[in-house]
Amino acid sequence: MTSPSYDTQNIFAKILRGELPSETVYEDENTVVIMDIMPRADGHVLVLPKNGSRNILDIEPTDLTNVIMTAQKMARILKEAFSADGITIHQFNEGAGGQMVFHTHFHVIPRTEGVPLQPHTGEMADSEILKANAEKIRSTIAAQV
């Protein structure tokens, strides 16, 4: 059975090309980190490889290495920026696995003991809250440089 091909018109591909806006908090030569517009907790970010792939089933090994290294970096930054007790990392593959946007991405979510994840409602968060959380992340990154 063959996998579907990568759709260059998916929302993350459009964000990476600058065709759609995003609240970017980090970028290097291989990855981009943006705020999730439907966060399940304050500080919820998405780590995207710049090269196109649908998911972990077809991503090139070097792209996977780069994206997971950035996810680790962001986990450390978010833990500090949000005084988090822990970090949840989600990565979904194909529709049956919960994937909704078919560009490889990792969710990195700061967690506080006793506070459940907010449900995925499909509604966008207040842009001012997203911007404030993005600035908190950028400030933490800047303080580490």
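Residues numbered from 1 in each chain as written. Predicted model: local features only at pLDDT ≥ 70, side-chain atom pairs only at ≥ 80, totals over all residues. Heavy atoms only, no water.

(A) Structural view of the sheet that holds strand β4 (residues 86-90). Spatially, five strands are ordered β1-β2-β3-β5-β4 in an open sheet, and the strand pairing comes out antiparallel. The outermost strands of the open sheet, each flanked by one partner alone, are β1 (24-27) and β4. Put simply, the sheet's adjacent strands are angled 20° from each other on average, direction ignored. In the packing of helix α2 (residues 61-81) onto the sheet, the strands contacted are β1, β2 (31-35), β3 (45-49), β4 and β5 (106-111), and the crossing angle to β5 comes to about 15°. Of the strands in this sheet, β1, β2 and β3 are in contact with helix α3 (residues 127-144), which crosses β1 at around 30°. (Pairing = 2+ DSSP bridges. Helix = DSSP H or I, 4+ residues; strand = E, 2+ residues; numbered from the N terminus. Axes fitted to C-alpha atoms, helices over the stretch in contact; angles between N-to-C directions. Contact = heavy atoms within 4.5 Å.)

(B) Summary view of α2. In this model, α2 (21 residues) spans 30 Å end to end at C-alpha, consistent with the 30 Å of a helix rising 1.5 Å per residue. Of the residues making up α2, those classed as buried are Asp-63, Val-67, Thr-70, Ala-71, Met-74, Ala-75, Ile-77, Leu-78 and Ala-81. Packed against the buried residues of α2 are β1, β2, β3, β4, β5 and α3. (Expected span 1.5 Å × (residues − 1). Buried < 20%, exposed > 50% of the residue type's maximum accessible area, 1.4 Å probe, protein only.)

(C) Here's a closer look at the pattern of salt bridges. Scanning all chains against the criterion turns up five salt bridges. The partner of Arg-138 in a salt bridge is Glu-23, and the shortest N-O contact between them spans 2.4 Å. One end of the pair, Arg-138, is in helix α3; the other, Glu-23, is in the loop between α1 (11-16) and β1, with 115 residues separating them in the sequence. Accessibility expressed as a relative area gives 25% for Arg-138, which makes it partly exposed. Judged by its relative accessible area of 22%, Glu-23 falls in the partly exposed class. Between Arg-54 and Glu-94 there is a salt bridge, and its shortest N-O distance comes to 2.6 Å. Of this pair, Arg-54 sits in the loop between β3 and α2 while Glu-94 sits in the loop between β4 and β5, and the two are 40 residues apart along the sequence. Of the residues examined, Arg-54 reaches a relative accessible area of 9% and is grouped as buried. (Salt bridge = Lys/Arg side-chain N within 4 Å of Asp/Glu carboxyl O.)

(D) Region of interest: the nonpolar core. The biggest cluster of nonpolar side chains holds 21 residues, and the ones touching the most others in it are Val-25, Val-45, Val-47, Met-74 and Ile-137. Only β1, β2, β3, α2, β5 and α3 provide two or more residues apiece to this core. Membership of the second largest hydrophobic core comes to six residues, among which are Phe-12, Val-32, Ile-34 and Leu-48. (Core = buried A, V, L, I, M, F, W, Y, C linked by side-chain atoms within 4.5 Å.)

Keep in mind that these numbers describe shape and distance, not what the molecule does.
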